[in-house]
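An overview of the molecular structure
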Amino acid sequence: MELSFPSGRDIDVACLGRLGVDLYADQFGCSLEDATRFSKYLGGSSANIAFGAARLGLAAAMISRVGDEQNGRFLLNTLAREGCDVSQVQIDKQRLTAMVLLGIKDQHTFPLLFVRENCADMAIDAEAISESFIARCRSLLITGTHLSTPTVLAASRRALDIAGRHGVVRVLDIDYRPVLWGLTGRGDGETRYVENQGVSRHLQDQLGQFELIIGTEEEWIIAGGVKADLMASLRRARECTRAVFVVKRGALGCSIVPGEVPVAIDDALTVLGERIEVLNVLGAGDAFASGLLSGLLRGKDWRESAGIANACGAIVVSRHGCAPAMPTPAELAHWFSGHRHPRPDQDPQLAHLHRVSVKRRPWPELCVLAYDHRPQFLALAEAAGADPARVRKLKHLLNEVVAQIEQDEPGCRGKLGVLVDGRPDLGESALHEATGRGWWVGRPVELPGSRPLRFDGTHSVASELEHWPLEQVVKCLVFMHPDDPEDLRAAQMERLAELWEATRASGHELLLEIIPPADKLARDDAGDAALRVIRDLYAAGLKPEWWKLGAMSAAKWDELDALVREQDPYCRGAVILGLAQPIEQLLAAFTEARAPIVKGFMVGRSVWAEPSAEWLRGALDDAGFRQRVTGNFMALIRGWRNRGEA
């Protein structure tokens, strides 16, 4: 049987089945009992496949059910950010979203604890499944768990019946989990196979409803029901269905059986697997299904589609987690261009692509008010004879300025940002207030004025970042010149490499602010020195998401644009810093910054220094302060937007 996907429909694949939260132990090599820290990811086999398919560029959708609570909203947001349609995910007012705890003991031991008692996705309402929605799909994928109880079986059968009437290709990923069929103790989620003729007969009753069935060798044995005999089980399954069979064979790859079952599995069309070292097999099958469908739905043949599937599975087993480990098209292009690595997690280019080629919130333009300054605010308070504690309120007033502009200026929405420090005595409360509002939020990590670079308040920047929300961009100002003495240069590079590795591990974006020291600029201007530093940093393997630089000539901005496109085309962009220059000078500098790499500005003292001094002296009330700062900030925003008219 050959598959024939309908054309002219706007959804490539809809996935029906498990949708829950995965809590992955961060420690490798210990039992689940001894794990103490966990990372939260989207989980559930169907959800992983939908997520992976969307990441690979398919129009994917999820049909499931979540609780009306924080975990449910986390899952919906995660799928939606990846581009997956969640309009058919039902909201359950009575039940909680499912959860799974997972560990990585060694390359062969992966303890799982399913927390799924009366969970939302197992209570999916069959009557709420939309026929008009499924009719828009080219394929419908269901995983085996949603054939295991009367409620989910009814929902699956309704979806399959609708799909059959509308010519939708129906796909089954057997995804056998004995614990979810009630065949093991509730704490034994790790066991992957338990023989049970009741389950085999039940599955055989459903096989005829599918055109494509995917399973491991063990899963085909449970589906066919012939103990320890893969080929006999495949032949038994063939009596029940004309579907194309795909047999996943781990490191050996996969075999495709479109019609009569051969004598030996190697007699079937077999596509060899990838040779890699395994960190975590969990999620490999879901990645395989996403890759296979991404090929088939784009019209690729079985061999090429299976090659994509094998590569997806191989890349995922080298990483922590399931859904977040799914590769992007850019990663696959790198992989197939001859850069296969036996430890994909140790390929720096693949790791970089995994960070930067995923869907990220776009920031095509940035207008950022910077008030991460620490000694400068304290100096203002001292000069005014004011209590330094008043600086905390001052930073909240600056938040109010940004919030008011966002409200009053619709054209600014989605383009505003703040830089705020996290020191408890200065900006911490304002930083918490700014986080989660949809603004671009940066947070400094450098010890002010340090040269060589040191980090503020910690000797371990990696442990510090463990407590930062991911939306906070790590901002690091470094005073650096390409002709610095070798010992100073080495010390600076060591700290920057430490920060680079810490942000790669934590997932935070990194902004590097490069300011060449004034006493080093006798032989060249700041722009030329900054560009030389950036070349050196790229040569050292550092590829921050953002650059922050002082004003430069148009030629220097064009030079930066060409350099970044050559070294890291995924760079988010560069922004202009203020250095306390008068607003008129900044507006003139903006007219030079027309290169595509320049996304906007991040300016502080030029906007708020004088109003802050007056407010701290008591010469300006809150309303007057906000009015003055708003006027200055809006002058920069208008100047940036109108720079092309100059």
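If you look the protein chain up in an unreviewed UniProt entry, it shows as 5-dehydro-2-deoxygluconokinase from Bordetella genomosp. 10. As stated in UniProt under Sequence similarities (unreviewed entry), the record for the protein chain gives "Belongs to the carbohydrate kinase PfkB family."

**As for the sheet that holds strand β7 (residues 112–115)**
Ordered by their spatial adjacency, four strands build an open sheet running β3-β2-β6-β7, and the pairing between neighbours is mixed. Both edges of this open sheet fall to β3 (38–43) and β7, since each of them pairs with a single strand only. With direction set aside, neighbouring strand axes in the sheet form an average angle of 20°. With six bridges connecting them, strand β2 (residues 20–28) and β3 associate as antiparallel partners. Bridge assignment links aspartate 22 to a residue of β3, and that residue is tyrosine 41. Here helix α2 (residues 70–81) sits on the sheet in contact with β2, β3 and β6 (98–104), set at roughly 65° to β3.

**Here we look at the domain arrangement of the protein chain**
Here the protein chain is described as being made up of domain 1 (13–356) and domain 2 (366–642). Look at where the C-alpha atoms of domain 1 and domain 2 centre, and you get two points 43 Å apart. Of the residues lining the interface, seven residues belong to domain 1; the matching set on domain 2 comes to 11 residues. Here domain 1 meets domain 2 over a buried area of about 670 Å², counting both sides, of which 44% is carbon and sulfur. Considering only the side of domain 1, the residues that lose the most area to domain 2 are His352, Arg355 and Val356, jointly responsible for 73% of the buried surface there. For the pair domain 1 and domain 2, the number of links is two salt bridges. We note a salt bridge from glutamate 466 to arginine 37, for which the minimum N-O separation is 3.3 Å. The interface formed by domain 1 and domain 2 holds six residue pairs in polar contact (both at pLDDT 80 or more) in total. Among the elements that take part in the side of domain 1 that touches domain 2, helix α11 (residues 348–356) stands out by supplying five residues, more than any other. When its residues are assigned to classes, the side of domain 1 that touches domain 2 shows three nonpolar, two polar and two charged.

**Quick notes on the packing of aromatic side chains**
On inspection of all chains with the given rule, the structure shows 10 aromatic pairs. Aromatic side chains phenylalanine 601 and phenylalanine 633 sit 6.1 Å apart centroid to centroid with 85° between the ring planes, which places their arrangement in the edge-to-face category. Linking phenylalanine 601 in strand β21 (residues 598–603) with phenylalanine 633 in helix α21 (residues 622–641), this pair joins segments that are 32 residues apart in sequence. Across this residue pair, the class does not change: phenylalanine 601 and phenylalanine 633 are buried. Here the aromatic rings of tryptophan 615 and phenylalanine 625 are separated by 6.3 Å at their centres, their planes lie at 50°, and the arrangement is tilted. Linking tryptophan 615 in helix α20 (residues 605–617) with phenylalanine 625 in helix α21, this pair joins segments that are 10 residues apart in sequence. What makes tryptophan 615 buried here is its relative accessible area of 2%. Through pairs of rings, three or more aromatic residues link up here, namely Phe590, Phe601, Phe633 and Trp640. Taking NZ or CZ as reference, lysine 40 lies 4.3 Å from the ring centre of phenylalanine 74, over its face. When the ring centre of tryptophan 500 is taken as reference, the NZ or CZ atom of arginine 504 above it lies at 3.8 Å.

**Considering the pairing of strand β15 (residues 416–420)**
The element β15 is extensively covered by neighbouring structure, given that five of its five residues are classed as buried. Where strand β14 (residues 366–371) and β15 come together, five bridges link them in parallel fashion. Pairing of valine 368 across the sheet is with glycine 417, part of β15. One ladder, built from three bridges, connects β15 with strand β16 (residues 440–444); its direction is parallel. Its bridge partner being in β16, glycine 417 is matched across the sheet by tryptophan 440. For the segment spanning β15, helix α14 (residues 428–434) and β16, crossover handedness is right-handed.

Cut-off values and rules
- Residues numbered from 1 in each chain as written.
- Predicted model: local features only at pLDDT ≥ 70, side-chain atom pairs only at ≥ 80, totals over all residues.
- Heavy atoms only, no water.
- UniProt positions renumbered as here; feature names shortened; annotations may be inferred.
- Pairing = 2+ DSSP bridges.
- Helix = DSSP H or I, 4+ residues; strand = E, 2+ residues; numbered from the N terminus.
- Axes fitted to C-alpha atoms, helices over the stretch in contact; angles between N-to-C directions.
- Contact = heavy atoms within 4.5 Å.
- Domains from an automatic or database assignment.
- Buried area = accessible area lost by both parts, 1.4 Å probe.
- Salt bridge = Lys/Arg side-chain N within 4 Å of Asp/Glu carboxyl O.
- Polar contact = N/O pair within 3.5 Å; in protein donor to acceptor, adjacent residues only side chain to side chain.
- Nonpolar A, V, L, I, M, F, W, Y, C, P; charged D, E, K, R; others polar.
- Phe/Tyr/Trp six-rings, centres within 6.5 Å; stacked < 30°, edge-to-face > 60°.
- Buried < 20%, exposed > 50% of the residue type's maximum accessible area, 1.4 Å probe, protein only.
- Lys NZ or Arg CZ within 6 Å of the ring centre and 35° of its normal.
- Right-handed = clockwise from strand over helix to strand, strands pointing away.

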